[in-house]
Amino acid sequence: MKSTITKPKSVLILGSGALKIGEAGEFDYSGSQAIKALKEEGIHVILVNPNIATIQTSEHLADRVYFLPVEKDFVAGVIERERPEGVLLGFGGQTALNCGLQLEADGVFERYGVRVLGTPVAAIRLTEDRQLFADSLAEIGVQVPRSRAVGAVEEALVIAEEIGYPIMIRSGFSLGGLGSGICPTKKSLRDTAVKALALADHILVEEYLHGWKELEYEVMRDGQDNCVTICNMENLDPLGIHTGESIVVAPSQTLSNEEYHRLREISIRVIRHLGIVGECNIQFALDPESDECRVIEVNARLSRSSALASKATGYPLAAVAARLALGFSLTEIPNAVTRVTMACFEPALDYVVVKIPRWDLRKFRRAVKTIGTGMKSVGEVMAIGRTFPEALQKALRMLEIGARGLIGDQQISFDDLEEELRHPTDERIFALARAMDAGWTLEKIHDLTRIDFWFLHQIEEVVRIAATLRQFAGGDLPGGVLREAKQAGFADEQIGLLIERSEDAVRRMRRSRGIVPCVKQIDTLAAEYPAATNYLYLTYQGREDDVTFDQKGESVLVLGSGAYRIGSSVEFDWCCVNAVRTLKKLGYRTLMANYNPETVSTDYDECDRLYFDELNLETVLEICAKERPKGVVVSMGGQVPNILAPQLAAAGLPILGTSSASIDRAEDRHKFSSLLDSLGIDQPEWTEVASIEEAAAFAEKVGYPVLVRPSYVLSGSAMGVAVNGEQLARFLARAEDVSLEHPVVVSKFIMGAKEIEMDAVAANGEVEMYAISEHVENAGVHSGDATLVLPPQRTYLETTRRIKRITREIARALEVSGPFNIQFIARENAVKVIECNLRASRSFPFVSKVCKENFIEAATKAVMGEKVEWRRRSFFELDYVGVKAPQFSFTRLHGADPVLGVEMASTGEVGCLGDTFSEAFLKAMHSVGYPLSIGSVLLSTGPIESKADFLEYARILASMGIRFYATRGTGEFLARNGLETTILHWPLEKGEPNVMSTIADGNVDLVINIPKNFQEEEVTNDYLVRRQAVDFGVPLVTNLQLAKRLVEALQGMKREDLLIKSWEEY
Amino acid sequence: MRATLLLEDGSEWAGELFGGCFPASGEVVFNTGMVGYPESLTDPSYSGQILVLTYPLVGNYGVPQSRINGTADLARSPFESERIHARALVVAEYSRHYSHWRAAESLHAWLDREGIPGITGVDTRALTKRLRHRGTMKGRVILSDRESPAPEPEYDALVQLVSVTEPTIIGSGRQRVALIDCGAKAGIIRSLLQRGVSVLRVPWDYDLSSERVDGVVISNGPGDPKLCGPTVENVRKLIEDGSIPLFGICLGNQIMALAAGADTYKLKFGHRGQNQPCMRVGSRRCHITSQNHGYAVDDRSLPEGWQPWFFNANDGTNEGIRHRDKPLRSVQFHPEARPGPVDTDFLFDEFVAMLGSKGGGK
Ligand SMILES: Nc1ncnc2c1ncn2[C@@H]1O[C@H](COP(=O)(O)OP(=O)(O)O)[C@@H](O)[C@H]1O
Ligand SMILES: Nc1ncnc2c1ncn2[C@@H]1O[C@H](COP(=O)(O)OP(=O)(O)O)[C@@H](O)[C@H]1O
Ligand SMILES: [Mg+2]
Ligand SMILES: [Mg+2]
């Protein structure tokens, strides 16, 4: 069956840019798979994506990579240079899709003869414009909720009267429910509509379908009109909670054959009518009490759900979608999992999949914790089991929020259960179990939540089993009870909590009864055909393994990074993928364990065997008991595997690379500080906290501010800068909640110092490779939120010499073999160490790609005891600069204070290259949403020192003809210095002209707000200014150093100076 | 209570009993569909078989109101026949609690009323792999060692047992289609009625030569087509006449082939599921189909004048045949769906369009 299609010779793919809420790692998965598929077809691939931490921007994938903003002018520049024959818009989320629509509108594709592959642009428009969409579906008799698109608030109010409250607001050309909301009253409609219309031209005013089931289908269609649905998914949470915020199961659980296939038929009818070619996602609302259903939307591109569907079924959606876009038919593409069947079929699952979003709401001061129609989650986990409780409880553990399952943990508690059930937060699932445990009826719970009784009954089963377990407290469990608990997904540790025995005792009891998990395959066909698949999970509902464990050759198990969360995301997936690739090259069989459906490391073709399962002691032990690998690599997946190391080592598993004892010495802040003392390496003064009084005494001695830091955490969880005793007491209490087993330390907070980052690889204690990056912001901004520069531009040579020397000493003392990272603070030439991570760090992909030297390949060799080679091209000699900038998602986090501090808040990052610092910096800033030129700025520059410090830069802005708005203090200060401003009233003053209205009216292009204090607890004017900026989508700068660099760059650089150069050309 | 499935090869599959508290015996087959247990259990093609479902969670949405009086009622109900035809049901995880607005009772209660045993807690994936590997086997469900074994199905007389005994007319459409009932699913009747024709449902061995009908449908049914000698003979006459449009479904496809002079054979473990891709010969069109069959038509034995119509994209087996110039066609899959995808529903449109236009409809 040879195809007759004419493939394009070269294809441009647009990526999705920095990870943000709503658009995260799933687009690295889809883009990477698409690139692989195109390469297999012999096509020259060009990629535009500033997200330097992704796998898709690796040297082994696309032929040409541009670390440039996914924005029409830059992409047009790339098209002009590269002249691709085709372009793919469906693999880079909403960012790529919207950019593509603009390029089409501007006639760029036509001008350069670029063919849009896959779904035609006209069809994309139909799906994105909510009104056109509703009209189009009416043509084929498919119902959508009653609604009308409006462009003004007053109009919205009129329509709402017609439809009746509560009203649902939605915007087009967006994702993750941005700007959407449920409005029970006129007032809330007005509030929501104003903000939504600030972010979009039109919004949809719609009837609110209370309590309806929400379902999704993933559909593929080829040019021959063949259609298949790959997966259907059901939300446990009814309509009103975004699918990205919902607990989702695949396949659907409460649909009858008639419903399943009716929705499937509508999906196919809609997709044919719209003319989609490739992959798309369709969302439904289904009345739980009648045959009524409505189509909510179609996303004519790969989506978060399609990544989930792909991992849930084993069907490589993105790879197949890319081939369909080239013109292949579904019947011409083989099923890569079975290798005997073809892509034109619908997977049959013989297991249940549960996805749960991972939120980090507690990291944000003041953020509203309730969930709803807008996305707030930063990642997700996916669990596979043969019973629903098994998959659910696995997933809850995978979240790594301290829960050992649905029930049994004490630290999750609720002040008001009824309120929690009625207005859900990220913890509602636990509240369900609590309510049942407290004897509430399922009817009452259903009335409050509208969650289907089937799910409630399943949860009740778990609660019932927990109650049975408790009856055996202190004693031995009968085999039947233990097996039932394991089949319902109870972990050994969780059972231990319930029967008051140690995890280890439960494990011994279990094994002595022969209760061990089985390894099952995900094969897309429910065992109907023999499958060559390496995609595996563990279950207690089974009696035999699907695979054997007698392969030749040594194997190595690499532990992945788990759910993306603040502080740990795609960068660690890049590390894991590269570690696996290197291990393969070294001749090992590679085993990967991970449970994040948004990753490339969990793709079917990356490792020899993939365990899509938990990353904890119990599961890793079970995998190792079967596989007997040579050892476990814990240094690539970030903090999740890193903190497991001591437990794994204690259980007798071989840890490859740096020893677990050394890891403990570096992670335990107390042990590490002692080590530095013994090596005579300077560090900020510190003390371990024994009591609040002692901590206060220490603070008095060294002087406030002081920094509170728990051990064994990532991304500065629960850290805080205290300026007085009262704050100190509060932070200490919070820190103790986070880290029970590990000590909390208090150190002197050093102001006005530079922060410098060392990423390195050592073998047997000798440093073999390193890169030094400096932060633009002073110390005090978490390294994950800081703007990094490589090579350093403003660091003294003597400082870097000292840093190198200290790095060598620490590596030797800890006998490091593998990747590691040290953070330094420098003032003048005095260098202090703040922390050391004996694992790959967030910046490894950045330094690897800027230096064009794969640090992870080297680190993996070091871990395996192989020789590491470094071409020794000193990075100081790079004749270009790399800048990494953070991406924040504050707009979606209602109420959160958008200010930088010691606790990390960014959700993603970009990295760009330039011939000068300013060029790279401006490209990076533009990639995360800052403008390249501005007409007006709102200044509120904080304490008098920073006002004075910024004055020179204000003059620069003035010389550029930029209009100034300022708050009173700043305005008067500038006036005294001869600069003219419009002085605005503070938000709390209410007078006009006011900061709030000026921002809301769209008069301000940039807000510079330098806070007066470290962490403000109460609602201040400053907070309101910042919040208003992010609510209305106005770029915001809250750091003085960053503001200064931005002003310099804006002055020195014009758009034409930002060169369109590919990575290879630097 | 414990229950065990014993296979011909000596393997034992123990689990918990639900449904009817009786032993059972039959041919053990697996189905990979993820929904549709009420439809499958009432499909007469499962007569004499023990059904293993590969999807682990079963019973979630309960069972709708299931008391049915007569054919006309059946045509409206969500079931495929008046009773459960499978001998037993084997699942991994029976869901005791169900939830659905249409549900009237639990799967357990229904099975119990119909005297059909169910086993839950079985590693159905391992069981499926064994059936795939060794081929379909006979098996017995036993509740204890002491009981007397359940009688074996009369494998040679399955079609007689599930067919109707008297002809009946359903619907009042002007055009009349005879349905040769070898164990017909209600869905076939429904699909015809929806298109405005009336249906003359006749027993499997009924001689249609004295009836005036505009078309004939040969239904699905259980077991080996070669046991349907009288049906094959009757269809042969219709084929020779060649003026009345014929449409065979599943067993009907095999009967059509035998009547045309071609051969059929037993598949190792059959096709049972809702995701089988079927290609239309000579095109790049592929349809997702619902299937339930253990026998297949041997393409290579088709006589002059006949040609394959569809084939299975996974394993290449025949999925339908047609006559080059007469209105005689049949498919191995189930265009009436239930359970399963409705994608090939259009075949009924094509069939009805051929009625009364002798020899028309290419
Ligand atoms: N009419 C409605 N009534 C109630 N909830 C709705 C309605 N429309 C959408 N939703 C909820 O809002 C969420 C987001 O809407 P959607 O159109 O999917 O936005 P996005 O395109 O950003 O994903 C949906 O997942 C659903 O839970
Ligand atoms: N003594 C200090 N003085 C000033 N800033 C500090 C000090 N210690 C840490 N910081 C700041 O706090 C941030 C987070 O601290 P760090 O120990 O690296 O936490 P994490 O382990 O979560 O990355 C650092 O990036 C730095 O900016
Ligand atoms: Mg959308
Ligand atoms: Mg949506």
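Note that the coordinates shown come from a computational prediction; the quantities given were computed from them, not determined experimentally.

## So, the overall build of chain B
Next, step 1: A tally of regular secondary structure across chain B gives 9 helices and 21 strands.
Next, step 2: The C-alpha radius of gyration of chain B comes to 20 Å, within 12% of the 21 Å expected for a compact globule of 362 residues.
Next, step 3: A burial count over chain B gives 65% of its 362 residues as buried.

## Some words on the side chain of T619(A)
Residues and elements named next belong to chain A.
Next, step 1: Positionally, T619 belongs in helix α21 (residues 617–627).
Next, step 2: The buried category is assigned to T619, whose relative accessible area is 5%.
Next, step 3: When residues no more than four places from it in sequence are discounted, the contact partners of T619 are L538, D613 and E614.

## Details of the sheet that holds strand β32 (residues 881–887) of chain A
Residues and elements named next belong to chain A.
Next, step 1: Pairing is antiparallel in the open sheet, where 7 strands are placed in the order β31-β30-β27-β28-β29-β32-β33. This sheet does not close on itself; its edge strands, each paired only once, are β31 (830–837) and β33 (908–914). For this sheet, the mean angle separating the axes of adjacent strands, direction not counted, is 25°.
Next, step 2: In the sheet, strand β27 (residues 754–763) pairs with strand β30 (residues 818–827) via 9 bridges, with the strands oriented antiparallel. Bridging from a neighbouring strand, E755 pairs with I825 of β30.
Next, step 3: Each of β27, β28 (766–778), β29 (788–790), β30, β32 and β33 is contacted by helix α28 (residues 844–851), which is oriented at about 30° to β29, the strand it contacts most.

## Section: the pattern of salt bridges
Next, step 1: For the structure on display, the rule yields 108 salt bridges over all chains.
Next, step 2: Residue R508(A) pairs with D504(A) through a salt bridge whose shortest N-O separation is 3.4 Å. On the criterion of helical spacing, the pair formed by R508(A) and D504(A) is a turn pair, its members being 4 residues apart in helix α19 (residues 503–512).
Next, step 3: Take R508(A): its relative accessible area is 54%, and that puts it in the exposed class.
Next, step 4: Residue D504(A) is classed as partly exposed on the basis of its relative accessible area of 42%.
Next, step 5: Taking the shortest distance from any N to any O, the salt bridge between E16(B) and R2(B) comes out at 3.1 Å. With E16(B) in strand β2 (residues 12–19) and R2(B) in strand β1 (residues 2–7), this pair connects stretches of sequence that are 14 residues apart.
Next, step 6: For E16(B), a relative accessible area of 33% puts it in the partly exposed group.
Next, step 7: Judged by relative accessible area, R2(B) falls into the partly exposed class, the value being 48%.

## Regarding helix α7 (residues 153–163) of chain A
Next, step 1: Residues of α7(A) that are buried include every one of V153(A), A156(A), L157(A), I159(A), A160(A) and I163(A), and no others.
Next, step 2: Backbone geometry just downstream of α7(A) places G164(A) in the positive-phi region, at approximately 100°.

## Here we look at the interface of chain B and chain A
Next, step 1: Taken residue by residue, the interface counts 53 residues in chain B and 64 residues in chain A.
Next, step 2: In total, about 4800 Å² of surface goes out of reach between chain B and chain A, with carbon and sulfur atoms giving 48% of it.
Next, step 3: Interface area lost by chain B to chain A is led by W101(B), R125(B) and R284(B), which between them contribute 17%.
Next, step 4: At the surface where chain B touches chain A, the tally comes to 10 salt bridges.
Next, step 5: With its nearest N and O atoms 2.6 Å apart, the salt bridge here joins R284(B) to E332(A).
Next, step 6: Elements with a minimum of two residues in the side of chain B that touches chain A: β2, α4 (124–134), β17 (263–280) and β18 (286–298) of chain B.
Next, step 7: Per-element tally for the side of chain B that touches chain A: the top contributor is β17(B), with 7 residues.

## So, the site of ligand 1
Residue and element names in this part refer to chain A.
Next, step 1: By nearness alone, 22 residues border ligand 1, and R170, G177, E206, E214 and H242 come closest of all.
Next, step 2: At 3.1 Å from an oxygen atom of ligand 1 is found a main-chain nitrogen or oxygen belonging to I241.
Next, step 3: In the environment of ligand 1, an oxygen atom lies 2.9 Å from a nitrogen or oxygen atom belonging to the side chain of Q283.
Next, step 4: Compared with its free state, where it exposes 550 Å², ligand 1 has 98% of that area covered by protein.
Next, step 5: Breaking the shell around ligand 1 down by element, the ones donating at least two residues are β7 (167–171), β9 (203–207) and β14 (293–299).
Next, step 6: Per-class residue counts for the shell around ligand 1 are 8 nonpolar, 8 polar and 6 charged.

## Side note on the sheet that holds strand β23 (residues 686–688) of chain A
Paired through their backbone hydrogen bonds, the strands of a sheet run either parallel or antiparallel.
Residues and elements named next belong to chain A.
Next, step 1: The sheet built from 4 strands is open, its strands ordered β23-β26-β24-β25 with antiparallel pairing. Each having just a single partner strand, β23 and β25 (720–722) make up the two edges of the open sheet. When the angles between neighbouring strand axes are averaged without regard to direction, this sheet yields 25°.
Next, step 2: Strand direction decides the pairing type here: strand β24 (residues 706–710) and strand β26 (residues 744–748), joined by 5 bridges, are antiparallel. Paired with R709 across the bridge in β26 is V745.
Next, step 3: Against the sheet, helix α24 (residues 669–679) contacts β23, β24 and β26, and its axis sits at roughly 135° relative to β23.
Next, step 4: On the sheet, helix α25 (residues 692–702) packs against β23, β24 and β26 and is oriented at approximately 15° with respect to β26.

## Some remarks on the packing of aromatic side chains
Residues and elements named next belong to chain A.
Next, step 1: Across all of its chains, the model carries 24 aromatic pairs over all chains by this definition.
Next, step 2: Here F888 and F890 contribute two aromatic rings whose centre-to-centre distance is 5.4 Å and whose plane-to-plane angle is 10°, an arrangement assigned as stacked.
Next, step 3: F888 gets classed as partly exposed once you look at its relative accessible area, which sits at 21%.
Next, step 4: The lysine or arginine in question, K444, covers the ring of W440, its NZ or CZ lying 3.9 Å from the ring centre.

## Thoughts on the environment of P743(A)
Next, step 1: With respect to the element layout, P743(A) can be found in the loop between α26 (725–738) and β26.
Next, step 2: Remark: the alpha-carbon pair of P743(A) and D668(A), spanning 75 residues in sequence, is separated by 7.4 Å.

## Re the packing of helix α18 (residues 492–499) of chain A against α19(A)
Residue and element names in this part refer to chain A.
Next, step 1: The N-to-C vectors of α18 and α19 enclose an angle of 110°; their axes lie 8 Å apart at closest approach. One finds that α18 runs roughly perpendicular with respect to α19. Mapping the contact onto sequence places D492, E493, I495, G496 and I499 in α18 and E503, V506, R507, M509 and R510 in α19.

## What about the nonpolar core?
Next, step 1: In terms of nonpolar packing, the biggest core is built from 270 residues, with F490(A) and L107(B) touching the most fellow members.
Next, step 2: Setting aside anything within four residues of it in sequence, one finds F490(A) in contact with Q393(A), R397(A), I407(A), V462(A), I465(A), A466(A), L469(A), A485(A), I495(A) and L498(A).
Next, step 3: Grouped together as the second largest cluster of nonpolar side chains are 71 residues, L103(A), F109(A), Y112(A) and L1042(A) included.

## Some details on the side chain of H271(B)
Next, step 1: Among the secondary structure elements, H271(B) is positioned in strand β17.
Next, step 2: At 3.2 Å, the side chain of H271(B) and the side chain of Q291(B) are in polar contact.

## A closer look at the confidence of the model for chain B
Next, step 1: Summarising the model, chain B shows a mean pLDDT of 94, and 97% of its residues fall at 70 or more.
Next, step 2: In this model, residues 358–362 of chain B is a region of pLDDT below 50 whose contacts with residues beyond four sequence positions or in other chains number 9 contacts.

## A short note on the pairing of strand β21 (residues 328–331) of chain B
All names here are of chain B.
Next, step 1: Burial along β21 is two-sided: the residues L328 and S330 and R329 and V331 are all buried.
Next, step 2: Two strands pair when backbone bridges link them, and strand β16 (residues 246–249) and β21 are joined in this way by 4 bridges, in the parallel orientation. In the sheet register, I249 faces β21, and the bridge partner there is V331.
Next, step 3: In terms of strand pairing, strand β20 (residues 318–323) meets β21 through 3 bridges, oriented antiparallel. Looking across to β21, one finds that I321 is bridged to S330.

About the cut-offs
Residues numbered from 1 in each chain as written. Chains lettered and ligands numbered in written order. Predicted model: local features only at pLDDT ≥ 70, side-chain atom pairs only at ≥ 80, totals over all residues. Heavy atoms only, no water. Helix = DSSP H or I, 4+ residues; strand = E, 2+ residues; numbered from the N terminus. Rg over C-alpha atoms; globule rule 2.2 N^0.38 Å. Buried < 20%, exposed > 50% of the residue type's maximum accessible area, 1.4 Å probe, protein only. Contact = heavy atoms within 4.5 Å. Pairing = 2+ DSSP bridges. Axes fitted to C-alpha atoms, helices over the stretch in contact; angles between N-to-C directions. Salt bridge = Lys/Arg side-chain N within 4 Å of Asp/Glu carboxyl O. Buried area = accessible area lost by both parts, 1.4 Å probe. Near = heavy atom within 4 Å. Polar contact = N/O pair within 3.5 Å; in protein donor to acceptor, adjacent residues only side chain to side chain. Areas by Shrake-Rupley, 256 points an atom, 1.4 Å probe, with all protein chains shown as cover. Nonpolar A, V, L, I, M, F, W, Y, C, P; charged D, E, K, R; others polar. Phe/Tyr/Trp six-rings, centres within 6.5 Å; stacked < 30°, edge-to-face > 60°. Lys NZ or Arg CZ within 6 Å of the ring centre and 35° of its normal. Parallel < 35°, antiparallel > 145°, perpendicular 65-115°, else oblique. Core = buried A, V, L, I, M, F, W, Y, C linked by side-chain atoms within 4.5 Å. pLDDT = per-residue confidence, 0-100.

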